[in-house]
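Coordinates in review
Take a look at the letters that make up each chain.
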Amino acid sequence: MNDTEIVDSSFSATINAPIDKVDIPAWCFSLPEKEYQGCSPAHIAAGFTTAPDGRRMSINVEVIGGSLMVQHYVETLGRKDHLVLESESDIFTPTGRTTLHIRWELSVRPIDERSCEFTNHVRSTATEAFRTFLDRQGIPFDVFRAQRAPMSIAHNRGETPLFAASIERAALAR
């Protein structure tokens with residue numbers, strides 16, 4: 001763990017569909033809001049647009065650990081079996097607004113001809129603005145990290161099988 005890392009969390013679940021039917025970017029950038037909301041009670045809204053440079057962007061709104069987050073996930077790698085998104089996410093807390101950097105990586109690998117393993121990997125790191133935000137409040141970074149990590153890990157653990165089921169539905173509908 002480096003001095004800016006808050007959490008590095010990875011969970012996997014089975015998708016009961018052939019890997020050649022799975023297209024993670026197509027799923028992510030066309031995910032209906034109700035489907036996104038069904039993948040976690042913390043999920044509020046989702047949509048998609050483009051970044052100023054034209055790359056695809058997924059916008060997700062959720063509450064983790066009591067803080068509202070608006071995530072602006074820009075595609076940095078987009079293959080059918082592997083999607084990497086990066087976000088400078090806005091966080092709204094009772095003491096103000098700041099940002100975190102989040103890397104969201106979704107991938108699949110074949111298990112057999114009829115199924116594959118989905119992995120949902122989330123890594124969050126503190127931005128300079130976030131470190132300043134904590135310093136102004138006298139909150140040591142290690143204390144924040146120790147409190148935030150369990151909530152982020154629990155969120156990822158809960159949404160991973162539901163994301164896998166959603167990707168499975170999309171793959172089987174193709």
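Whatever comes next refers back to the structure up there.
1. Looking at the sheet that holds strand S4 (residues 67-79)
Read across the sheet, seven strands follow the order S1-S7-S6-S5-S4-S3-S2 without closing on themselves; strand pairing throughout is antiparallel. Looking at strand neighbours, the two that pair on one side only are strand S1 (5-15) and strand S2 (43-50), the edges of this open sheet. Averaged over all adjacent pairs, the angle separating strand axes in this sheet is 20°, with direction ignored. Pairing of S2 with strand S3 (residues 56-64), which is carried by seven bridges, proceeds in the antiparallel orientation.

2. Let's talk about helix H4 (residues 141-173)
Compared with the 48 Å implied by 1.5 Å per residue over 33 residues, the 45 Å span of H4 between its first and last C-alpha is a close match. At Arg-148, H4 shows its strongest bend, of approximately 30°, with the proline Pro-150 following within four residues.

3. Some remarks on the layout of surface pockets
Roughly 270 Å³ of volume is contained in the largest pocket. Around the largest pocket sit 16 residues that line it, and Ser-67, Thr-93, Pro-94, Phe-133 and Phe-144 are the ones nearest its centre. Going through the elements one at a time, strand S5 (82-93), helix H3 (128-137) and H4 are the ones with two or more residues in the lining of the largest pocket. Residues that form the lining of the largest pocket fall into these classes: nine nonpolar, six polar and one charged. In this structure, the second largest pocket encloses a volume near 160 Å³. Lining the second largest pocket are 15 residues, and of these Trp-27, Ser-30, Ser-166, Ala-170 and Ala-171 lie nearest its centre.

4. Brief notes about the pattern of salt bridges
All told, the structure shown has 11 salt bridges when counted by the stated rule. One salt bridge connects Arg-103 with Glu-86, and the closest N-O pair in it is separated by 3.1 Å. Of this pair, Arg-103 sits in strand S6 (residues 96-112) while Glu-86 sits in strand S5, and the two are 17 residues apart along the sequence. Here Arg-103 makes a salt bridge to Glu-105, at a shortest N to O gap of 3.6 Å. Judged by relative accessible area, Arg-103 falls into the partly exposed class, the value being 30%. Put simply, Glu-86, Arg-103 and Glu-105 are held in one network by salt bridges that share partners.

5. A word on empty space enclosed by the protein
Taken as a whole and assessed by the stated rule, the structure comprises two cavities of 30 Å³ or more. For the largest cavity, the lining is made up of 20 residues, of which Glu-62, Ile-64, Gln-71, Tyr-73 and Val-122 are closest to its centre. Looking at the lining of the largest cavity, the elements with two or more residues in it are S3, S4, S6, strand S7 (115-126) and H4. Counting residues per element, the lining of the largest cavity draws most heavily on H4, at six residues. Partitioning the lining of the largest cavity into residue classes produces 10 nonpolar, seven polar and three charged. In this structure, the second largest cavity is lined by Trp-27, Cys-28, Leu-31, Tyr-36, Ala-46, Gly-47, Phe-48, Ser-58, Asn-60, Trp-104 and Phe-163.

6. A word on the nonpolar core
Across soluble globular proteins, nonpolar side chains show a tendency to be buried alongside one another. Formed by 37 residues in total, the largest nonpolar core has its most connected members in Ile-15, Val-22, Leu-85, Leu-106, Phe-118 and Phe-130. Listing elements by their share of this core, those giving two or more residues are S1, helix H1 (24-28), S4, S5, S6, S7, H3 and H4. With six residues, H4 is the single largest residue contributor to this core. Excluding its chain neighbours within four sequence positions, the residues that come into contact with Val-22 are Ile-15, Lys-80, Val-108, Cys-116, Ile-167 and Ala-171.

7. With respect to the environment of Gly-66
Assignment of secondary structure puts Gly-66 in the loop between S3 and S4. Distance in space between the C-alpha atoms of Gly-66 and Thr-4 is 21 Å, their sequence separation being 62 residues.

8. Focus on the pairing of S6
Bridge count between S5 and S6: 12 bridges; the pairing is antiparallel. Each bridged residue has a counterpart across the sheet, and for Leu-85 the counterpart in S6 is Trp-104. Remark: two residues form the turn of the hairpin made by S5 and S6, two consecutive strands paired antiparallel. Here S6 folds back onto S7 in antiparallel fashion, the turn holding two residues.

Scoring rules and cut-offs
The written sequence of each chain sets the order in which its residues are numbered from 1. Two thresholds apply to this predicted model, a pLDDT of at least 70 for residue-level local features and 80 or more for giving and counting side-chain atom pairs, whereas whole-chain, interface and lining totals are computed over all residues. Here the side-chain values reflect all heavy atoms present in the structure, with hydrogen atoms and water set aside. In this scheme, strands are said to pair when DSSP sees at least two bridges between them. Each helix is a run of H or I in the DSSP string that is no shorter than four residues. Each strand is a run of E no shorter than two, and both are numbered from the N terminus. Axis angles are defined between N-to-C directions and span 0 to 180 degrees, where every axis is a line fitted to C-alpha atoms and, for a helix, only to the segment in contact. One less than the number of residues in a helix, times 1.5 Å, gives the span that helix is expected to have. In this analysis the local bend is the angle between axes fitted, respectively, to the seven residues ending at and the seven residues starting at the residue. Definitions used throughout: a 1 Å grid over protein atoms alone; a cavity as a set of points that fits a 1.4 Å probe which cannot get out; a pocket as an open set with protein on both sides within 12 Å along at least five of seven lines; a lining residue as one with an atom within 4 Å of a point. Grid points are joined across faces, edges and corners, and a volume is the space filled by probe spheres set on the points. Residue polarity follows a fixed list, in which Ala, Val, Leu, Ile, Met, Phe, Trp, Tyr, Cys and Pro are nonpolar, Asp, Glu, Lys and Arg are charged, and the others, Gly among them, are polar. Salt-bridge detection follows one rule: a side-chain nitrogen of Lys or Arg within 4 Å of a carboxyl oxygen of Asp or Glu. Any residue under 20% of the maximum accessible area for its type is buried, any over 50% is exposed, and the rest in between are partly exposed; the area is computed with a 1.4 Å probe on protein chains only. Among buried residues, those of type Ala, Val, Leu, Ile, Met, Phe, Trp, Tyr and Cys that are joined through side-chain atoms within 4.5 Å constitute a nonpolar core. Note on contacts: a residue pair qualifies if any of its non-hydrogen atoms lie within 4.5 Å across the two residues.

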